[in-house]
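Fold and geometry: a report
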There are 2 protein chains.
Amino acid sequence: MLRRLQIIPIPGMPEVRPGDDLAGQIMDACQAELLPADGGLQDGDVLVVSQKVVSKAEDRLVKVDPNDPLSHKPLVLQESKRVVRRRGDLIISETTHGYVCANAGIDRSNVDSDVACLLPEDSDRSARRIRDAIKGRLGVTTAIIVADTFGRPWRRGITDIALGCAGIMPILDLRGTEDATGRELHVTEVCVVDELAGAAELVRGKATGVAVALVRGVDPAWFDVDHDFMTGTVVGDVVRNAQEDLFR
Amino acid sequence: MLRRLQIIPIPGMPEVRPGDDLAGQIMDACQAELLPADGGLQDGDVLVVSQKVVSKAEDRLVKVDPNDPLSHKPLVLQESKRVVRRRGDLIISETTHGYVCANAGIDRSNVDSDVACLLPEDSDRSARRIRDAIKGRLGVTTAIIVADTFGRPWRRGITDIALGCAGIMPILDLRGTEDATGRELHVTEVCVVDELAGAAELVRGKATGVAVALVRGVDPAWFDVDHDFMTGTVVGDVVRNAQEDLFR
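Residues numbered from 1 in each chain as written. Chains lettered and ligands numbered in written order. Predicted model: local features only at pLDDT ≥ 70, side-chain atom pairs only at ≥ 80, totals over all residues.

Time to look at the relation of the copies chain A and chain B. In this arrangement, two copies of a chain are superimposed by a rotation about an axis accompanied by a shift along the axis. With an RMSD of 0.0 Å, chain A superimposes on chain B once it is rotated by 180 degrees and translated 0.0 Å along the axis. Those values place the two copies in the arrangement expected of a two-fold rotation axis. Most of the interface of chain A is mirrored in chain B, where 100% of its interface residues again form contacts. (Least-squares fit on C-alpha atoms with pLDDT ≥ 70 in both. Contact = placed C-beta atoms within 7 Å.)

Once that is clear, we can look at the packing of helix α1 (residues 22-33) of chain A against helix α4 (residues 123-138) of chain A. Residue and element names in this part refer to chain A. Contact pair α1 / α4: the axes reach a minimum separation of 9 Å and the direction vectors enclose 60 degrees. Accordingly, the angle class assigned to the pair α1 and α4 is oblique. Handedness of the α1/α4 crossing: right-handed. On the side of α1, the interface is formed by Leu22, Ala23, Ile26 and Met27, while α4 contributes Arg129, Ile130, Ala133, Ile134, Arg137 and Leu138. (Axes fitted to C-alpha atoms, helices over the stretch in contact; angles between N-to-C directions. Helix = DSSP H or I, 4+ residues; strand = E, 2+ residues; numbered from the N terminus. Parallel < 35°, antiparallel > 145°, perpendicular 65-115°, else oblique. Left-handed = near helix turned anticlockwise from the far one by under 90°.)

Attention shifts here to the pairing of strand β5 (residues 90-95) of chain B. Residues and elements named next belong to chain B. Here 6 bridges tie strand β4 (residues 80-87) to β5, and the two strands are oriented antiparallel to one another. When the sheet's bridge partners are listed, arginine 85 is paired in β5 with isoleucine 92. The antiparallel pairing of β4 with β5 creates a hairpin that spans 2 residues between the two strands, and glycine 88 there sits at a positive phi of about 60 degrees. As paired elements, β5 and strand β6 (residues 100-102) share 3 bridges and run antiparallel to each other. Bridge pairing in β6 links glutamate 94 to valine 100. Taking the residues that link successive antiparallel strands as the turn, the β5-β6 hairpin has 4 residues, and the phi of glycine 98 there is positive, at about 115 degrees. (Pairing = 2+ DSSP bridges.)

Contacts between the two partners involve 61 residues from chain A, matched on the other side by 61 residues from chain B. Mapped by element, the contributors of at least two residues to the side of chain A that touches chain B are β1 (5-10), β4 (80-87), β8 (143-152), β9 (155-166), β11 (189-190) and α5 (192-204) of chain A. With 9 residues, the top contributor of residues to the side of chain A that touches chain B is α5 of chain A. Looking at side-chain class alone, the side of chain A that touches chain B contains 29 nonpolar, 12 polar and 20 charged residues. In this structure, β1 of chain A lies alongside strand β1 (residues 5-10) of chain B, joined through 3 bridges in antiparallel fashion. In the strand pairing of β1 of chain B, leucine 5 of chain A is matched with isoleucine 7 of chain B. (Nonpolar A, V, L, I, M, F, W, Y, C, P; charged D, E, K, R; others polar.)

On to helix α4 (residues 123-138) of chain B, then. Structurally, the α-helix is built with 3.6 residues per turn, so residues lying three or four positions apart point the same way. Residues and elements named next belong to chain B. Helix length check: α4 (16 residues) gives 22 Å between terminal C-alpha atoms against 22 Å at 1.5 Å per residue, within 8%. Regarding α4, the residues found buried are Ser123, Asp124, Ser126, Ala127, Ile130, Arg131 and Ile134. The buried residues of α4 occupy one face: seen down the axis, they fall within an arc of 165 degrees. On its buried face, α4 sits against α1 (22-33), β2 (46-50), α2 (51-57), β8 (143-152), β9 (155-166) and α6 (234-237). (Expected span 1.5 Å × (residues − 1). Buried ≥ 20, exposed ≤ 12 C-beta atoms within 10 Å, placed from the backbone. Arc of directions from axis to C-beta.)

Right, let's talk about the sheet that holds strand β6 (residues 100-102) of chain A for a bit. All names here are of chain A. Ordered in space as β4-β5-β6, the 3 strands form an open sheet in which the pairing is antiparallel. The open sheet terminates on both sides in strands that have one partner only, identified here as β4 and β6. On average, each strand axis in the sheet is inclined to that of its neighbour by 25 degrees, with strand direction left out of account.

Residue and element names in this part refer to chain B. As summarised here, the arrangement of the 3 strands in space is β4-β5-β6, forming an open sheet in which the pairing is antiparallel. The open sheet has two edge strands with one neighbour each: β4 and β6. Direction aside, the axes of adjacent strands within the sheet are offset by 25 degrees on average.

Right under this line is the structure:
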């Protein structure tokens with residue numbers, strides 16, 4: 001039987017505050033939610049964590065005028081390297097991290113009305129810290145993805161993508177692999193961390209406030225067990241540099 | 001307990017030939033792969049089917065020179081309304097259907113070396129036909145997604161997205177919904193069919209030739225049971241029209 005995936009929502013996170021032990025809160029929530037048959041967190045589990053709780057724990061909250069729905073706009077420019085497109089109130093920019101997204105990833109949902117929430121300073125590092133804390137406390141080797149919601153050109157609707165990751169190869173490189181007919185594969189680099197972030201969104205939802213989902217059953221080859229301190233990063237491996245990008 | 005998702009690869013499809021009964025082949029493969037505990041195909045199951053087998057069954061195969069890796073390029077222009085970007089051999093175009101993608105979705109992997117495989121003429125209709133055939137034979141109400149692999153601007157690596165769908169709302173519209181703090185949600189339209197296509201890719205893989213995956217556990221609210229003949233289409237609901245697009 002081929003490998004099956006299970007995607008398990010992990011509710012029960014407390015309201016995360018600046019300085020909180022986020023990894024501890026995630027472990028507690030997993031322990032409370034997972035059933036005896038699930039057997040607790042296991043080697044090879046992938047935890048997808050919403051950017052929002054990471055930013056809150058890291059105090060990436062900035063006071064804004066609660067009565068002005070555009071009071072966070074100056075922050076958008078501050079968090080951007082370059083504006084890519086602008087239409088009305090909408091700004092698509094390249095953030096200081098290199099992501100291209102709307103409003104520099106800043107948003108005001110699921111936070112108090114007088115604050116705006118910035119992206120983490122370094123989401124790959126945030127993921128690594130959570131992973132290391134879980135390894136330290138439980139001895140379990142997980143992978144962590146910090147996920148956020150981005151729009152995209154040409155297609156309506158948003159999907160969740162990975163801002164940062166740790167313990168998993170962000171891009172599965174199939175170059176040199178053959179297809180089922182023996183021809184070399186043309187499409188060769190699969191961004192599995194974005195697919196995992198999107199898959200987790202399907203159980204996390206936007207309105208429910210479920211900040212964490214567990215994906216179990218991921219191919220162990222996507223974890224780099226021999227060099228598990230550094231399997232790659234989203235900012236290093238997924239974010240395109242300007243030279244190779246046709247849409248800047 | 002919140003709803004969990006299970007993603008089950010369905011291997012064992014035969015080599016699909018023009019004119020084949022694809023829906024029948026999918027049902028047979030599901031029957032062979034699903035375990036007694038899975039209980040066969042069920043109402044609410046989502047089947048994600050690779051574009052490649054749909055195109056093969058619909059005879060969207062065109063003869064090309066097997067010795068010329070670029071012999072399919074004239075087809076790319078023929079299948080396009082407009083070239084969006086061009087760099088070297090790479091053409092990003094808007095296809096006759098409205099998708100913006102590389103090489104008009106035409107590729108030569110997992111097909112004989114002397115043919116190129118075009119996208120289905122109408123992937124939403126293809127999905128609907130498979131759904132109707134399953135409903136007719138098994139009496140089971142499934143949703144179908146026809147999935148393909150697209151690149152994207154700004155981020156390396158490809159992910160699977162939906163070319164067509166039937167029986168499921170392509171975009172989950174959360175406008176008017178409140179977040180966990182009672183504020184109206186800002187990000188409101190989630191493209192669940194793209195997230196489902198990407199989730200299925202995680203078990204289908206590129207090299208293994210697994211053309212179908214089953215996603216079980218999807219929120220029943222995403223199916224429109226009262227009007228299940230028409231829940232929306234990818235081309236109608238997901239593909240952006242040129243006026244609202246900032247990147248054409």
